[in-house]
Amino acid sequence: MSKDQQVIIHGKVFELFLEKKDIKKAIKEMAGKINDHYGDQSITVIGVLDGVFMVLADLLKRLKMPVSLELVKLKSYQGMQSSGSVSKLLGLTSGLKDHHVLIVEDIIDTGETLGYLLQELRKEQAASIQIASLLLKPSVFKNRFPLEYVGLEIPERFVVGYGMDYDGEGRQLPHVYALSGSESLP
Ligand code: IMP
Ligand code: MG
């Protein structure tokens, strides 16, 4: 077994789930759709930290229109389960009135975090707001709002790598790993 097949984080076994090349392909496809939709229109990308940093680095290089970047922070996760409550929006440095806003996420699970962000951003009177997420767990997402660009739909499994963490670790992994079926949530 190659050393990339599994990783152990905080004593839990995670198995290779999405390889770097599949992630890159999904990002390329998303970028193509975003370029087609906006054309030469300037956009403001809002990246939701921390998990999105690798997605942003790869996605933004492929966007052809003028892009302003805002990095915000909005965490709902403690360990492996959504805390159910969302902390407030931090880090928005400029007004978004009349901007075309593209929110970029690493993964959407319940959609609670994004629901809150959308509610906050609507107060800004942007010209438009769209959402791009590399991963989506459709069986958990409550479909409360449209998602314009989704890289890959995945089953309800806890994943790490490519920016995503388990209790702070695993973000640097180039592939995405899923918690092994033989492991259980704390
Ligand atoms: P939501 O509010 O339930 O949609 O969760 C959104 C945030 O929780 C994401 O932006 C991630 O930061 C984190 N998250 C959700 N699912 C996972 C996962 O499987 N692994 C790591 N982080 C996750
Ligand atoms: Mg995120």
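Let me sum up the structure you'll find in this document. (Residues numbered from 1 in each chain as written. Chains lettered and ligands numbered in written order. Predicted model: local features only at pLDDT ≥ 70, side-chain atom pairs only at ≥ 80, totals over all residues. Heavy atoms only, no water.)

1. Some remarks on the pattern of salt bridges
If charged atoms from side chains of opposite charge come close, those side chains can pair. For the structure on display, the rule yields 10 salt bridges. For the salt bridge of Asp50 with Lys73, the shortest nitrogen-to-oxygen distance reads 3.1 Å. Placement of the pair is Asp50 in the loop between β3 (43–49) and α2 (53–60) and Lys73 in strand β4 (residues 67–73), with a sequence separation of 23 residues. As a salt-bridge pair, Lys61 and Asp58 come within 3.7 Å of each other at their nearest N and O atoms. Judged by its relative accessible area of 66%, Lys61 is exposed. Given a relative accessible area of 17%, Asp58 falls into the buried group. Salt bridges sharing common partners tie together Asp50, Lys73, Asp165 and Arg171. (Salt bridge = Lys/Arg side-chain N within 4 Å of Asp/Glu carboxyl O. Helix = DSSP H or I, 4+ residues; strand = E, 2+ residues; numbered from the N terminus. Buried < 20%, exposed > 50% of the residue type's maximum accessible area, 1.4 Å probe, protein only.)

2. Digging into the packing of aromatic side chains
Scanning the entire structure with this criterion turns up 4 aromatic pairs. Note on Phe14 and Tyr166: the rings are 5.9 Å apart at their centroids and 45 degrees apart in plane angle, and the pair reads as tilted. One end of the pair, Phe14, is in strand β2 (residues 12–18); the other, Tyr166, is in the loop between β10 (159–160) and β11 (176–179), with 152 residues separating them in the sequence. Among the residues examined, Tyr166 registers a relative accessible area of 6% and is labelled buried. Connected via pairs of aromatic rings, a cluster forms that spans Phe14, Phe158 and Tyr166. (Phe/Tyr/Trp six-rings, centres within 6.5 Å; stacked < 30°, edge-to-face > 60°.)

3. A short note on the site of ligand 1
Inspection of the region around ligand 1 gives 16 residues, with Thr110, Gly111, Thr113, Lys137 and Val159 positioned closest. Take Asp109: an N or O atom from its main chain is 2.9 Å from an oxygen atom of ligand 1. Measuring from an oxygen atom of ligand 1, one finds a side-chain N or O atom of Thr110 at 2.5 Å. Taking 480 Å² as the accessible area of ligand 1 by itself, protein coverage stands at 92%. For the shell around ligand 1, the elements supplying multiple residues, two or more each, are β7 (100–108) and α3 (112–122). When residues of the shell around ligand 1 are assigned to their parent elements, the largest contribution, 4 residues, is made by β7. Its residues assigned to classes, the shell around ligand 1 shows 5 nonpolar, 4 polar and 7 charged. (Near = heavy atom within 4 Å. Polar contact = N/O pair within 3.5 Å; in protein donor to acceptor, adjacent residues only side chain to side chain. Areas by Shrake-Rupley, 256 points an atom, 1.4 Å probe, with all protein chains shown as cover. Nonpolar A, V, L, I, M, F, W, Y, C, P; charged D, E, K, R; others polar.)

4. Some points on α3
Of the residues making up α3, those classed as buried are Thr113, Leu114, Gly115, Leu117, Leu118, Glu120 and Leu121. In this structure, the buried residues of α3 make contact with β3, β7 and β8 (128–136). (Contact = heavy atoms within 4.5 Å.)

5. Points about the sheet that holds β4
Read from one edge to the other, the open sheet built from 5 strands follows the order β4-β3-β7-β8-β9, with strand pairing classed as parallel. Looking at the sheet topology across the chains shown, the edges are occupied by β4 and β9 (149–153). Averaged over all pairs of adjacent strands, the angle between their axes in this sheet comes to 20 degrees, without regard to strand direction. Direction of pairing for β3 relative to β4: parallel, over a ladder of 7 bridges. Within β4, the position partnered with Ile46 by the bridge is Glu70. Contacting β3, β7, β8 and β9, helix α1 (residues 20–38) crosses the sheet at an angle of about 160 degrees to β9. Sheet strands touched by α2: β3, β4, β7 and β8. Its angle to β7, the strand with the most contacts, is close to 130 degrees. (Pairing = 2+ DSSP bridges. Axes fitted to C-alpha atoms, helices over the stretch in contact; angles between N-to-C directions.)

6. Some points on the side chain of Ser133
Within the element layout of this structure, Ser133 appears in strand β8. Discounting residues that sit within four places of it in the chain, Ser133 has contacts with Met30, Glu105, Asp106, Ile107, Ile108, Tyr149, Val150 and Gly151.

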